[in-house]
Amino acid sequence: MDAINTDAYLRRIDAARPTTPDADALRDLCLRHLRAVPFENLSIHLGEEIVLDGKALVDKIVHGRRGGFCYELNGAFAELLTALGYPVTLLAGRVMGEEGLGVPYDHLVLRVETPEPWLVDVGFGRNSHHPLSLTERGDQSDPAGVFRIAETEEGDLDVFQGDVLQYRIDQRPRQLTEFECACWWHRTSPKSHFTRNLVCSRLTENGRVTISDRTLVITGASGRQDRTLAEDEILPAYRTHFGIDLDRVPEVRATASAR
């Protein structure tokens, strides 16, 4: 990524260019990314193509001022971190769901060296706000809760929030193109959570703001507020809370859930 796009990306997340690629700067970049760039699957319900290419992802998030899901968010963030001088490795994960671990390449996360290795994940919705140490096996406190990383007998890494397994990471380095099949599955399969649900969510300084289908949910210091949006309120809500300008309301497509 060239200097112009790097500076544009930093403006997108309201971050200064780090003087050195260290752990403190990484921590700040992650938090700012979570607060500025929403986790969203609107492209699936707008019929938009999702292209797993570094330039395309940066164009969407930075110049299109959109968000995305794990492949897009972590894929684009990897481009920024690499441009800032961080050694970055893409890793594949499998998310734990009601029926067990998901499909291979179910999730994309980043290993970032400062030179201490960190687990960086700005594409998992409600996750840790800060990077997690990949060498620590005890509890790691975070504003989102207590996290723990445990190594399996096969050498994979299990990431827990509290006592709940969030996902399992294969530690072998991957390329972005290796995630294309799983990305296609997530945006087309009737078994995918993303084809059956519509979400746009962003961390805030005091909590979180989310649009789930037609419901606006705002959590903060004063608690939680839920409100069903009228049809003429939906597009303005995306613009107000996420800075996303859409020309039509995204709809959960019946064809996606019926395939």
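Residues numbered from 1 in each chain as written. Predicted model: local features only at pLDDT ≥ 70, side-chain atom pairs only at ≥ 80, totals over all residues. Heavy atoms only, no water.

**Some remarks on the overall build of the protein chain**
- Check the secondary structure of the protein chain and you find nine helices and 14 strands.
- Here the C-alpha radius of gyration of the protein chain, 18 Å, is about what a compact globule of 259 residues would show, namely 18 Å.
- In terms of principal-axis extent, the alpha carbons of the protein chain reach across some 50 × 40 × 40 Å.
- Each of the 259 residues in the protein chain was classed as buried or not, and the buried ones make up 51%.
- Sequence separation of 24 or more characterises 54% of the internal contacts of the protein chain that already satisfy a separation of 6 or more. (Helix = DSSP H or I, 4+ residues; strand = E, 2+ residues; numbered from the N terminus. Rg over C-alpha atoms; globule rule 2.2 N^0.38 Å. Buried < 20%, exposed > 50% of the residue type's maximum accessible area, 1.4 Å probe, protein only. Contact = heavy atoms within 4.5 Å.)

**Quick look at the packing of helix 4 (residues 54-63) against helix 5 (residues 70-83)**
- Running from amino to carboxyl end, helix 4 crosses helix 5 at an angle of 105°, the nearest separation of the two axes being 9 Å. Considered as vectors, helix 4 and helix 5 are oriented roughly perpendicular to each other. When helix 4 is examined against helix 5, the residues Gly54, Leu57, Val58, Lys60 and Ile61 are found in contact with a partner set consisting of Tyr71, Glu72, Leu73, Gly75, Ala76 and Glu79.
- Its residues assigned to classes, the contact of helix 4 with helix 5 shows six nonpolar, two polar and three charged. (Axes fitted to C-alpha atoms, helices over the stretch in contact; angles between N-to-C directions. Parallel < 35°, antiparallel > 145°, perpendicular 65-115°, else oblique. Nonpolar A, V, L, I, M, F, W, Y, C, P; charged D, E, K, R; others polar.)

**Digging into the pairing of strand 13 (residues 215-220)**
- Both strand 12 (residues 208-212) and strand 13 contribute to a ladder of five bridges, which runs antiparallel. Bridged to Arg208 within strand 13 is Thr219.
- The sheet contact formed by strand 13 and strand 14 (residues 223-228) spans six bridges and is antiparallel. Bridge assignment links Val217 to a residue of strand 14, and that residue is Asp226.
- The turn linking strand 13 back onto strand 14 is made up of two residues. (Pairing = 2+ DSSP bridges.)

**Topic: the confidence of the model for the protein chain**
- Averaged over the protein chain, the pLDDT score is 95; the fraction of residues at 70 or greater is 98%.
- When the criterion is pLDDT under 50, residues 255-259 qualifies, and its contacts beyond four places in sequence or with other chains add up to eight contacts. (pLDDT = per-residue confidence, 0-100.)

**Things to note about helix 2 (residues 23-36)**
- Taking 1.5 Å of rise per residue, the 14 residues of helix 2 would be expected to cover 20 Å, and the 20 Å separating its terminal C-alpha atoms lies within 8% of that figure.
- For helix 2, the N-terminal capping position is held by Asp22, with its side-chain oxygen 3.4 Å away from the main-chain nitrogen of Asp24. (Expected span 1.5 Å × (residues − 1). Polar contact = N/O pair within 3.5 Å; in protein donor to acceptor, adjacent residues only side chain to side chain.)

**A few points about the environment of Pro18**
- Positionally, Pro18 belongs in the loop between helix 1 (3-12) and helix 2.
- In this structure the C-alpha to C-alpha distance between Pro18 and Glu178, which are 160 residues apart in sequence, comes to 30 Å.
- Not counting chain neighbours up to four residues away, the residues in contact with Pro18 comprise Ala25, Leu29 and Leu84.

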